[in-house]
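# Residue-level structural notes
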Amino acid sequence: MDVATKSRRHLGRRLPVILAGVVLSLWTVAIVGCLQGGEEPASSATVLIFKHGKLSGDATVLPGLLREFEQRHPGLIVREELLPASSDRQHQYYAMNLDGGSAPFDVLAIDTIWVQEFAQAGWIGRLDDIVPMGERAAFFPSAVAAATFGGQLYAVPWYIDAGMLYYRRDLLDRYGLMPPSTWDDLVHAATVIVDAEQDRRLSGFVWQGKQYEGLICTTLDVLRSYGADLWTGDLDQAERGLQFLRDTIAMHKVSPPSTSMADEESTRHFFGDGQAVFMRNWPYAWPLLQRQGSPVRGKIGMAPLPSVPGHAGAPVLGGWLLAVAEQSSRREAAGELVRFLTSPDIQRAIAIQLGYNPARRALYSDASVLDARPELMALYPTLLQSQPRPVTPSYILLSQAAQPEISALVVGRKTPRAVLDAVRRQADRYMGGGAASVAGARQ
Amino acid sequence: MSRLSERAWGYLLAAPAFVLLGFVALAPIGAALWLSLYRRMPVFGLDEFIGAANYVQLWSDERFWAACRVTLYFTTLSVTAELVVGFGLALLLDRLTSRSGRSSPWEQAMVLLPWAVPTVVSAQIWKWLYQPDYGLLNYLLLRVGLIDAPIDWLADPDWAIHAAVVMDVWKTTPFATLLLLAGLKALPQDLYAAATVDGAGPWERFRRITLPLLMPIVVIVLVFRTMDAVRVFDAVFVLTGGGPGNTTETLSIYAYKTLFQTLQFGYGSALATAMFILVAGLSALYVVLLRRHFQESA
Ligand SMILES: OC[C@H]1O[C@H](O)[C@H](O)[C@@H](O)[C@@H]1O
């Protein structure tokens, strides 16, 4: 036996020790991680857990309103639990936590697109008595439609969103241009301004092109302005719409390549730093762009998204609603909190202090609201026109399957036709047979 | 009792350990396999046995094959780089510390640091480094003139996966370094002395002594790192979320989204099972290679 073999044996004997060490340290890390979950202090009052995504703007406003609720309802304490702002991440949280049949929270803020799914799954309870039939017309009809499942209301609209066009008024004025009403105008204006400004950092048009829910919203905004849709309807027109989306980056070069990773916040920062002439975004960005110290304060305007001549576009309805977890043991108190947070007074406060758009229509002609947020007046018709994404319990299946396809279009890896073929096939699969037919059976 | 053979006794005594192992390791795998034979979608109250239908669907699922390609590409690149860089670092550290006789805690800490940082945190840090306008990486590359316009590493479908590989290499090379360093420290010095006397140069010594003797460790590094890389999730998920255009969607990200975003438990389990088969196949390959290596050298 040579020396090398002998020492290999020697090493062989040590190996288990090394391995054991590695495994042991991994375990320790895992166990320490598990032990870190916090415990909550006992309390005699009823504690309502209110789960919602992080709101932008002044972080003291909502807690202040919740304290007001507690004063009006002695014995109730509301504890907020925050989720990340991204709609997709929040959905993951809810799907994982609600599926087990128990809910570690009582009231939850949900995206417009989830109400059907959550109601179908039995995760959220009916709220018919919170907003009786006769009072529903006080809210935007598209939001109420999205929240109604099997004829019953499962969530109350909290604030409402619709895709808007933000523009740099100062730059348009400098070149004698009007806010664009067609996509061609937009491309033209963006090109003229970017060429003339000679500013390497300036882009024409930023929008949400990352692979996530926001991409579906932008895509639908554009497709609907072409008189088309993603999952149904005219194929040729849809193809043109998708081609335009890609062309903004590849052909017209008005949108930067980084668009394929852009979401609401990154585009808001980009535009907010003065690096873009146009931006597609939700109304929440307006007060943030106009606040003290913002580089574009006083230089911007907001308009409905452009469309294609001959087609009346309709922006995508977004927004969040409040619901009560079906498994909550404090459903009555939870319902009270929903009633409170969606009441006219509180919606007014949220509109004025946080800049979110009220889901109640009357507030758009409310003097104190318009005083603080005059832009809401012009926003109203657009919000009224907005159309929801497909109202179906299968929406997440549709959206999740379509996101990678459209993202591949944005980076030039797929043609509009290939994307549409795939997306239509997915629609057949999720809406045609299986899930959809069972969706009816369960009610 | 005494009639039981020694062998039977051995099995009997080891039985509790086997049962425990069975529960811990095999039960979840078995459960996933079982679930993969169902169409289970709790949102729709669906729970039906459908046999192999999920696997049939898997076979014609473009997204699945794309995810396999991304996963294997990621694994090959990152494991190779980790091994090479890890070996280099281990040799360097071995050199540094053999003179003083022992390594200083500082050196060890430096090497281990990337490994000790939770992946989610380091992925977030790398996301900032990759940021096109303010990120350090573009700043440095522009500074030394390697590029003349900022590159958006994560938004570009060609760069994104490589950006993830670089991050993974940074993060897990320490693991390779540490194991290889331990191996180097255990090598008998008299062999090197004898080889030097016989006139072998540094390269000869490395090739004829270090490399063959360290082979078992190399294989262990490969097995561990391959298994981890095939299952990679958080590093890529935080950096890109699978985008753009699914160019960075690994099998585990696809399985994760199927299981926890859209709650398709049956199909998601089929994806997870496919991933398990891939890992098992690769490990089996390594075991065969290792065995052959030992047989050849014995
Ligand atoms: O990013 C997408 C999301 O953006 C906004 O939060 C909208 O209100 C929401 O409806 C949409 O799904």
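What you see is a predicted model; the values in this text were computed from it and never measured.

## Some thoughts on the overall build of chain A
Along its length, chain A carries 18 helices and 11 strands. Within the span of chain A, comprising 443 residues, buried residues form 56% of the whole. Within chain A, counting contacts between residues at least 6 apart in sequence, those at least 24 apart form 72% of the total. For chain A, the exposed area adds up to about 18500 Å²; of that, 54% sits on carbon and sulfur atoms.

## Some words on the confidence of the model for chain B
Put simply, chain B has an average pLDDT of 90, and 97% of its residues get 70 or more. Predicted complex metrics record ipTM = 0.87 and pTM = 0.88.

## Topic: helix H10 (residues 264-272) of chain A
All names here are of chain A. Those residues of H10 lying buried are Glu 264, Thr 267, Arg 268, Phe 270, Phe 271 and Gly 272. Those residues of H10 that are buried are in contact with strand S7 (164-168), strand S8 (203-206), helix H8 (213-225), strand S9 (276-281), helix H11 (285-290) and strand S10 (300-303). A positive backbone phi angle near 80 degrees is found at Gly 274, which sits one or two residues after H10.

## So, the sheet that holds strand S11 (residues 317-324) of chain A
All names here are of chain A. Taking strand neighbours across the sheet as the criterion, the 5 strands line up as S2-S1-S3-S11-S6 in an open arrangement whose pairing is mixed. At either margin of the open sheet sits one strand with a lone partner, and together these are strand S2 (76-83) and strand S6 (156-162). Averaged over all neighbouring strand pairs, the angle between strand axes comes to 20 degrees, with direction disregarded. In this sheet, S11 lies alongside S6 in antiparallel orientation, the contact comprising 6 bridges. Bridge assignment links Asp 161 to a residue of S11, and that residue is Gly 318. Each of strand S1 (46-53), S2, strand S3 (107-111) and S11 touches helix H3 (residues 87-99); the most contacted strand, S3, lies at about 130 degrees to it.

## Some thoughts on the pattern of salt bridges
Counted under the stated rule, the structure contains 30 salt bridges over all chains. As a salt-bridge pair, Arg168(A) and Asp170(A) come within 3.0 Å of each other at their nearest N and O atoms. Among the ionic pairs, Asp228(B) bridges to Arg225(B), the shortest N-O distance being 3.1 Å. Here Arg225(B) and Asp228(B) lie together in helix H9 (residues 202-230), a separation of 3 residues that amounts to about one turn. Exposure remark for Arg225(B): the relative accessible area of 4% places this residue in the buried category. Connected via shared salt-bridge partners are Glu82(B), Asp168(B), Arg225(B), Asp228(B) and Arg231(B).

Reading guide: rules and limits
- Residues numbered from 1 in each chain as written.
- Chains lettered and ligands numbered in written order.
- Predicted model: local features only at pLDDT ≥ 70, side-chain atom pairs only at ≥ 80, totals over all residues.
- Heavy atoms only, no water.
- Helix = DSSP H or I, 4+ residues; strand = E, 2+ residues; numbered from the N terminus.
- Buried < 20%, exposed > 50% of the residue type's maximum accessible area, 1.4 Å probe, protein only.
- Contact = heavy atoms within 4.5 Å.
- Areas by Shrake-Rupley, 256 points an atom, 1.4 Å probe, with all protein chains shown as cover.
- pLDDT = per-residue confidence, 0-100.
- Pairing = 2+ DSSP bridges.
- Axes fitted to C-alpha atoms, helices over the stretch in contact; angles between N-to-C directions.
- Salt bridge = Lys/Arg side-chain N within 4 Å of Asp/Glu carboxyl O.

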